[in-house]
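Coordinates in review
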Amino acid sequence: MSGTVRWGVLATGGIAARFTEDLLAMPDSGAEVVAVASRTEASARAFADRFGIERAYGSWAELVADDSVDVVYVATPHSAHREAAGLALEAGKHVLCEKAFTLNAREARELAGLARERGLFLMEAMWTYCNPLIRRITELVRDGAIGEIRTVQADFGFAGTFGAEHRLRDPALGGGALLDLGVYPVSFAQLLLGEPDRVQADALLSPEGVDLNTGMLLGWDSGATALLSCSIVANLPTSATVTGTEGRIDLPRDFFHPDHFFLHRSGREPEKVVTGPGPQGLSGMQYEAAEVTRALLAGETESPLVPLDGSLAVMRTLDAVRDRIGVRYPADDRA
Ligand SMILES: NC(=O)c1ccc[n+]([C@@H]2O[C@H](COP(=O)([O-])OP(=O)(O)OC[C@H]3O[C@@H](n4cnc5c(N)ncnc54)[C@H](OP(=O)(O)O)[C@@H]3O)[C@@H](O)[C@H]2O)c1
């Protein structure tokens, strides 16, 4: 690949716009957005006009057939990630796919298999893993700054008023708190502790059968535990704490894209760790965009920051949680 990575955006909803804004605002990013696709031409055209994108397509097939696109950013609801990312990979495109990576672990395995078979780059858009302070925390933990981890507490929740037509209420679209919000505390715990050995969970379900309010208890043979929750009916703190044998790390509100955290080492004064100066006014997605761009220019097929095996392990945990709380999506029954 030459010195520039050419992006195609697939879907034109809320996160597609935020990601595109960050991508375009990155100075000297080595990235440009050359095309956008939507299920309707009008929506693709409106998105293209808004962001100054050259080509607008009314179908995903046209986008993935565009020779000038190197990497496709999939920003549909989770239920369409398998199909959209699969289509792009089949057409020889690299892919960045929004979280939750897929609806279930089977779909995630299929996508990872396809990418590996074809030697193409594939990454879940788990932007938390690319955040500089989250990376700093993993280094601190690895270097023993807080000793051996005993417990992770993390949550993500807000009290929304989602009508029955909203994707968050629709089982066919992978609705509920778990795949949209719970994926963050689960991914955070697994970043630090790996895949759990045991998964317990309980939840309040909606009449449609999606989870509204979910508590999870993950356990590791090491003795570590993670107490996690997610909700679309309660304003949770959306914070995280990692406690080890020799200290603690506290991440305040919006722990999944922090600009500071507190490090408490036993016997020492607490330290506030902050992000260095960077581009102002961005949503925080520039770090994952930069990581994909870097990896592609380096000829890598996986990001060391967001490895596919990690995304597969998270999907297995989300499947286990759904099994415990009795949430099934129609896609689970497809072979
Ligand atoms: N990283 C983050 O911080 C973050 C934040 C929010 C959401 N997300 C993730 O991003 C994805 C999209 O979320 P969103 O909030 O952007 O949703 P959204 O605003 O509802 O947009 C999703 C877009 O996908 C397309 N779409 C809608 N229904 C579809 C269907 N049934 N099949 C295929 N495409 C459909 C539509 O685009 P067209 O009309 O152009 O086809 C729609 O605008 C989800 O997986 C979500 O978890 C990530």
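Owing to the predicted nature of the structure, the values given are computational and were not obtained by experimental measurement.

The rules behind each value
Residues numbered from 1 in each chain as written. Predicted model: local features only at pLDDT ≥ 70, side-chain atom pairs only at ≥ 80, totals over all residues. Heavy atoms only, no water. Helix = DSSP H or I, 4+ residues; strand = E, 2+ residues; numbered from the N terminus. Rg over C-alpha atoms; globule rule 2.2 N^0.38 Å. Areas by Shrake-Rupley, 256 points an atom, 1.4 Å probe, with all protein chains shown as cover. Lys, Arg positive; Asp, Glu negative; His and termini not counted. Charge placed at Lys NZ, Arg CZ, Asp CG, Glu CD. Domains from an automatic or database assignment. Contact = heavy atoms within 4.5 Å. Buried area = accessible area lost by both parts, 1.4 Å probe. Salt bridge = Lys/Arg side-chain N within 4 Å of Asp/Glu carboxyl O. Polar contact = N/O pair within 3.5 Å; in protein donor to acceptor, adjacent residues only side chain to side chain. Near = heavy atom within 4 Å. 1 Å grid on protein atoms, 1.4 Å probe; cavity = no way out; pocket = protein on both sides within 12 Å on 5 of 7 lines; lining within 4 Å. Sits in = over half its atoms within 2 Å of the grid points. Pairing = 2+ DSSP bridges. Core = buried A, V, L, I, M, F, W, Y, C linked by side-chain atoms within 4.5 Å. Buried < 20%, exposed > 50% of the residue type's maximum accessible area, 1.4 Å probe, protein only. Expected span 1.5 Å × (residues − 1).

1. Focus: the overall build of the protein
Scanning the protein for helices and strands turns up nine helices and 14 strands. Its C-alpha atoms give the protein a radius of gyration of 20 Å, within 12% of the compact-globule value 20 Å for 335 residues. Judged by the C-alpha coordinates and their principal axes, the protein covers about 60 × 45 × 40 Å. Carbon and sulfur atoms make up 48% of the accessible area of the protein, which totals about 13,700 Å². Averaging the positions of the 31 positive and the 46 negative side-chain charges in the protein gives two centres separated by 2 Å.

2. Observations concerning the domain arrangement of the protein
Looking at the protein, the domain boundaries give domain 1 (5-126) and domain 2 (129-284 + 313-333). Between domain 1 and domain 2, the C-alpha centre-to-centre distance is 25 Å. Each partner contributes to the interface: domain 1 provides 20 residues, whereas domain 2 provides 22 residues. For the pair domain 1 and domain 2, the two sides together bury roughly 1,800 Å², of which 62% comes from carbon and sulfur. The largest contributions to the domain 1 side of the interface with domain 2 come from D22, L103 and M126, which together make up 34% of the buried area. Counting every contact that joins domain 1 to domain 2 gives zero salt bridges. Our count for the domain 1 to domain 2 interface comes out at ten residue pairs in polar contact (both at pLDDT 80 or more).

3. A look at the site of the ligand
In the neighbourhood of the ligand, 23 residues make up the surrounding shell, with T12, S38, R39, H78 and K99 lying closest. For the ligand, an oxygen atom lies 3.0 Å from a polar atom in the backbone of G14. Between the ligand and T76 there is a distance of 3.3 Å, counted from an oxygen atom to a backbone nitrogen or oxygen. In isolation the ligand offers 900 Å² of accessible surface; the protein chains occlude 79% of this area. When each cavity is represented as a set of grid points, the ligand is found to reside in the largest pocket. Counting residues per element, the ones that place at least two in the shell around the ligand are α1 (14-25) and α7 (177-193). If you count residues domain by domain, the shell around the ligand takes at least three from each of domain 1 (5-126) and domain 2 (129-284 + 313-333).

4. Concerning the pairing of strand β8 (residues 198-205)
Two faces, one strand: in a regular strand the side chains alternate between the faces of the sheet. Where β8 meets strand β9 (residues 211-219), eight bridges bridge the pair, whose relative direction is antiparallel. Bridge pairing in β9 places V199 opposite L218.

5. What about the nonpolar core?
Core analysis: the largest hydrophobic core is formed by 119 residues, its most contacted members being W7, V152, F188, L192 and F261. In terms of residue count, α7 provides more of this core than any other element does, eleven residues in total. Looking at which domains feed residues into this core, each of domain 1 (5-126) and domain 2 (129-284 + 313-333) gives three or more. Once you skip the residues sitting within four places of it in the chain, L192 turns out to touch I137, T138, V141, I149, V152 and V242.

6. Notes on helix α5 (residues 105-118)
Taking 1.5 Å of rise per residue, 14 residues should cover 20 Å, and α5 covers 20 Å from first to last C-alpha, within 8% of that figure. Listing the buried residues of α5 in full gives A105, E107, A108, L111, A112, L114 and A115. Its buried side turned inward, α5 meets α4 (81-90), β6 (122-124) and α9 (308-325).

7. A short note on the side chain of D66
Here D66 lies in the loop between α3 (60-64) and β4 (71-74). Residue class for D66 comes out buried when judged on its relative accessible area of 8%. A polar side-chain atom of D66 sits 2.7 Å from a polar atom in the side chain of Y57. Among the polar contacts listed, one links the side chain of D66 to the side chain of S68, at a separation of 2.7 Å. When sequence neighbours within four positions are dropped, the list of residues in contact with D66 reads A35, R55, Y57 and K93.

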